[in-house]
Amino acid sequence: MSAPSFFAREEHPALVPASERGALLANPGFGKVFTDHMVTIRYTEGQGWHDAKITPRAPLVLDPATAVLHYAQEIFEGLKAYRLPDGGAALFRADANARRFRESARRMAMAELPEELFLQSCRELVAVDREWIPEAEGGALYLRPFMFASEVFLGVKPASEYLYMVIASSVGAYFKTPTGVSIWISEDYTRAAPGGTGAAKCGGNYASSLVAQQEAIREGCDQVVFLDAVERKWVEELGGMNVFFVFEDGSIQTPPLGGTILPGITRESIMLLAREEGLTVREEPYSIDQWEADVASGRLREAFACGTAAVVTPIGRVRGCNRDFRIGNGGIGVATDRIKARLVDIQRGVAPDPHGWMERLF
Ligand SMILES: *Cc1c(COP(=O)(O)O)cnc(C)c1O
């Protein structure tokens with residue numbers, strides 16, 4: 001694996017000094033502290049993948065006619081490298097991100113990066129920027145692989161050139177509040193329609209979700225939750241997180257994938273861990289009316305959102321035009337807490353990893 005690297009390495013002329021880095025890592029927040037390096041790999045039709053490099057992190061220079069700036073052919077991933085108790089580091093399920101990145105590329109008619117290149121690019125960036133992995137509980141090095149149409153052309157067609165990159169950000173907790181988040185039911189906007197790009201991790205999905213997120217904030221909520229685009233009644237997911245419901249009989253439920261929901265790796269991991277614990281796990285549609293009724297009757301006990309960035313976050317309150325209901329005491333419930341601990345303990349390397357989800361890097 002550490003055979004001659006495919007990646008050319010450009011020496012950094014001026015790394016961030018250790019004292020400055022230490023200050024940044026003390027309270028990194030989310031997505032604003034970046035490491036010293038970045039990965040770039042180019043794709044050119046007829047030539048394939050070439051010019052793989054690890055270089056000092058620096059701004060890009062783009063021609064104003066670069067295709068992505070006009071037609072949004074862009075995809076991304078998000079995964080974390082965790083500090084292990086012995087000082088080493090490991091990636092969590094990076095192979096699943098590599099596969100999903102290829103599937104997103106296919107949906108957006110982009111060149112598909114070989115999974116091994118994706119993995120190698122992540123491994124090498126973590127290795128070169130290893131000092132940037134926070135040690136504090138809840139901290140991690142968040143990797144952001146992404147790819148965009150870099151061809152300079154205004155014609156509407158799949159580009160013949162792409163730039164793949166990986167940058168890394170030292171992160172702490174995603175949400176500042178330790179308690180449950182409040183979510184706003186979007187009635188005017190949908191996130192994804194059948195046949196659309198809801199299952200692809202592309203920037204365009206986020207661009208179209210922002211006006212709904214803005215509405216949620218205006219209404220005093222933390223996040224938006226989207227309903228299906230056809231019947232406008234089935235709960236799908238948040239802007240960037242999947243959703244789970246916990247019932248009084250101990251079973252859990254999450255909306256089924258089917259093209260309009262992003263197949264979250266956290267979602268899949270939670271389903272597997274819950275089934276191993278003997279819980280009943282359903283992937284079935286759940287309507288907003290039923291959610292409200294089940295909260296009123298006591299059948300629904302907890303709800304939570306999940307994703308790489310925020311891990312597991314309890315949903316404390318749900319609001320919409322004609323709705324407003326609280327879940328439990330508004331904080332984290334016992335089942336949510338347990339599921340979160342099961343996952344986080346594996347990721348932090350303090351619990352056994354029977355599925356081989358963690359890949360130790362050093
Ligand atoms: C990335 C993402 C998720 C969560 O996926 P994970 O693999 O668990 O990080 C959920 N929904 C959307 C829309 C996303 O983009």
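Residues numbered from 1 in each chain as written. Predicted model: local features only at pLDDT ≥ 70, side-chain atom pairs only at ≥ 80, totals over all residues. Heavy atoms only, no water.

A.B. asks: Hey, could you run me through the overall build of the protein chain in this one?
C.D. replies: A tally of regular secondary structure across the protein chain gives eight helices and 19 strands. Taken against the 2.2 N^0.38 rule, which gives 21 Å for 362 residues, the C-alpha radius of gyration of the protein chain at 21 Å falls within 12% of a compact globule. In terms of overall dimensions, the protein chain has C-alpha extents of about 60 × 50 × 35 Å along its principal axes. Accessible area for the protein chain stands at about 16,200 Å²; split by element, carbon and sulfur atoms hold 52% of it. Positive and negative charge centroids in the protein chain, built from 38 and 47 side chains respectively, lie 2 Å apart. (Helix = DSSP H or I, 4+ residues; strand = E, 2+ residues; numbered from the N terminus. Rg over C-alpha atoms; globule rule 2.2 N^0.38 Å. Areas by Shrake-Rupley, 256 points an atom, 1.4 Å probe, with all protein chains shown as cover. Lys, Arg positive; Asp, Glu negative; His and termini not counted. Charge placed at Lys NZ, Arg CZ, Asp CG, Glu CD.)

A.B. asks: What am I meant to see in the site of the ligand here?
C.D. replies: Around the ligand, 15 residues are found, and the nearest of them are Lys201, Tyr206, Glu237, Thr266 and Thr308. Between the ligand and Tyr206, the relevant distance is 2.5 Å, taken from an oxygen atom to a side-chain nitrogen or oxygen of the residue. In this structure, a nitrogen atom belonging to the ligand sits 3.5 Å away from a main-chain N or O atom of Met241. Coverage of the ligand by the protein chains reaches 97% of its 380 Å² of free accessible surface. Within the shell around the ligand, the residues separate by chemical class into four nonpolar, seven polar and four charged. (Near = heavy atom within 4 Å. Polar contact = N/O pair within 3.5 Å; in protein donor to acceptor, adjacent residues only side chain to side chain. Nonpolar A, V, L, I, M, F, W, Y, C, P; charged D, E, K, R; others polar.)

A.B. asks: Help me understand the packing of helix 6 (residues 265-276) against helix 8 (residues 334-347) in this model?
C.D. replies: Helices that pack against each other are described as a pair by the angle of their axes relative to one another and the distance between those axes. Axis separation between helix 6 and helix 8 bottoms out at 10 Å; the angle between their running directions is 110°. Judged by the angle between their axes, helix 6 and helix 8 are roughly perpendicular. Within the contact between the two elements, helix 6 uses Thr266, Ser269, Ile270, Leu273 and Glu276 and helix 8 uses Ile339, Arg342, Leu343 and Ile346. (Axes fitted to C-alpha atoms, helices over the stretch in contact; angles between N-to-C directions. Parallel < 35°, antiparallel > 145°, perpendicular 65-115°, else oblique. Contact = heavy atoms within 4.5 Å.)

A.B. asks: What is the right way to read the state of the cysteines from this model?
C.D. replies: Working definition: the covalent bond between the sulfur atoms of two cysteines is a disulfide. The full count for this structure, using the stated rule, is zero disulfides. Here Cys221 is not disulfide-linked; the sulfur of Cys321 is the nearest cysteine sulfur, at 11 Å. On the basis of relative accessibility, which here comes to 4%, the residue Cys221 falls in the buried class. Overall, Cys321 belongs to the exposed group, its relative accessible area being 53%. (Disulfide = S-S within 2.5 Å. Buried < 20%, exposed > 50% of the residue type's maximum accessible area, 1.4 Å probe, protein only.)

A.B. asks: What exactly am I supposed to notice about the domain arrangement of the protein chain here?
C.D. replies: Interface size is commonly expressed as the accessible surface area that is lost when the partners come together. The domain architecture assigned to the protein chain consists of domain 1 (8-171) and domain 2 (181-347). The C-alpha-based centres of domain 1 and domain 2 are spaced at 27 Å. Summing both partners gives a buried area of about 1,700 Å² for domain 1 against domain 2, and 60% of it is carried by carbon and sulfur. When the buried area of domain 1 at its contact with domain 2 is split by residue, Phe76, Phe92 and Arg100 rank highest and sum to 35% of it. Across the domain 1-domain 2 interface, the total number found is one salt bridge. We note a salt bridge from Arg93 to Glu268, for which the minimum N-O separation is 2.6 Å. Between the two partners, domain 1 and domain 2, sit eleven residue pairs in polar contact (both at pLDDT 80 or more). When residues of the side of domain 1 that touches domain 2 are traced back to their parent elements, those giving at least two are strand 5 (74-76), strand 6 (79-83) and helix 3 (94-107). Here the side of domain 1 that touches domain 2 takes five residues from helix 3, the largest share from any one element. In terms of residue class, the side of domain 1 that touches domain 2 is made up of nine nonpolar, three polar and six charged. (Domains from an automatic or database assignment. Buried area = accessible area lost by both parts, 1.4 Å probe. Salt bridge = Lys/Arg side-chain N within 4 Å of Asp/Glu carboxyl O.)

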